[in-house]
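What the coordinates show
What follows is the residue order along each chain.
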Amino acid sequence: MDTEQYEGLPHYLSLGAGVQSSTLALMYSLGELQPMPKAAIFADTQAEPKSVYDWLNWLEGQLRFPVHRVSKGSLKDEVLKMRVTKDGRKYSKTDIPIYTLNEKTGSEGAVPNRSCTRDYKIKPINQFLRNAVPIKRGEKRPQCVSVIGISLDEIRRMKPSRDAWVLCRWPLIEKRITRIACIEWMAKKGYPKPPRSACVFCPYHSNKEWRRLQTEEPEEFLAAVEFERQLQEAKRKSENFVHKPFLHNSRKPLDTIDFRSDVERGQQLLWQDECEGMCGV
Ligand code: SF4
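The structure displayed is predicted, hence computed values, not measured ones. (Residues numbered from 1 in each chain as written. Predicted model: local features only at pLDDT ≥ 70, side-chain atom pairs only at ≥ 80, totals over all residues. Heavy atoms only, no water.)

Turning our attention to the pairing of strand β9 (residues 166-169). The side-chain alternation of β9 yields two buried faces, one formed by Val166 and Cys168 and the other by Leu167 and Arg169. Strand direction decides the pairing type here: strand β8 (residues 144-147) and β9, joined by 4 bridges, are parallel. Each bridged residue has a counterpart across the sheet, and for cysteine 144 the counterpart in β9 is valine 166. (Buried < 20%, exposed > 50% of the residue type's maximum accessible area, 1.4 Å probe, protein only. Helix = DSSP H or I, 4+ residues; strand = E, 2+ residues; numbered from the N terminus. Pairing = 2+ DSSP bridges.)

Let us now look at the packing of aromatic side chains. Under the defined criterion, the tally for this structure stands at 9 aromatic pairs. For the pair tyrosine 12 and phenylalanine 128, a centre-to-centre distance of 6.5 Å together with 75° between the ring planes defines the contact as edge-to-face. Of the two residues, tyrosine 12 sits in strand β1 (residues 11-14) while phenylalanine 128 sits in helix α4 (residues 116-132), which places them 116 residues apart along the sequence. Residues tryptophan 185 and tyrosine 191 carry aromatic rings whose centres are separated by 6.0 Å and whose planes lie at 40° to one another, so their mutual orientation is tilted. Classification of tyrosine 191 by relative accessible area gives buried; the value is 18%. Counting every residue linked through ring pairs, the aromatic cluster contains Trp55, Trp58, Trp185 and Tyr191. (Phe/Tyr/Trp six-rings, centres within 6.5 Å; stacked < 30°, edge-to-face > 60°.)

Attention shifts here to the sheet that holds β8. Read across the open sheet, the 5 strands follow the order β3-β2-β1-β8-β9; overall the sheet is parallel. Unpaired on one side and paired on the other, β3 (67-70) and β9 mark the two borders of the sheet. Each neighbouring strand pair of the sheet contributes to a mean axis angle of 30°, computed without reference to strand direction. The pairing of β1 with strand β2 (residues 39-43) spans 3 bridges and is classified as parallel. Each residue of the ladder has a partner; that of leucine 13, found in β2, is alanine 40. (Axes fitted to C-alpha atoms, helices over the stretch in contact; angles between N-to-C directions.)

This is how it looks when you write it as structure tokens:
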């Protein structure tokens, strides 16, 4: 990997506050990786479980560089807000990935393309960088580096920046470090185990994560159950959306699912294909 391209450019860490980006933050802070980031940026969807916010507060106190929290507002409110076009059709401006069921025909579908990561993570972080660096309008040359916590086992999530003025860098891949190795490094240093970061209602959760939420953070799980009900209600009012949305690929209501026995059909693969490394790290 050509690392010369990053030389001399200020580095900023995209901090998801999950396992990989937290490991990176601590590695930089201990001087095990260089150069030290100017700052870490946490893009807050206002929908992470409490465990992630608690972890972020703890992590901030460990770091030798500042953590900036940026937010476009509540992702949940935006997804549930139905807007109306001039010709009367209803739509939502930002969507999350969903599984769908046509209740008349029984046909199943999925809408993996979604704008939540772009609108609530990538854009707020890029806006922060534009002001912090700062970036001139129309700038075509790289002016800074966005450090992203994708680990070696999730290499297919690597995607170059869409903006010429910022380069993406993936130090865990440069150092061939996996997610498991991150957890082992944290344990060896005596740090607590970080949570998995993602919105409580994210349909990319594995069964293991749904089960963890249900047993360890039951209030957050109930919030996801309620969100699914509200999403179905909101989409039902939208005449141009005939498929009922679900958050789990069994297409059953969340609170009726036995996450130990219900089969997972590729949630993680969807995540790897669709997420640009801003969620779940
Ligand atoms: S965690 Fe899931 S729902 Fe939240 S922004 Fe990322 S992909 Fe969207």
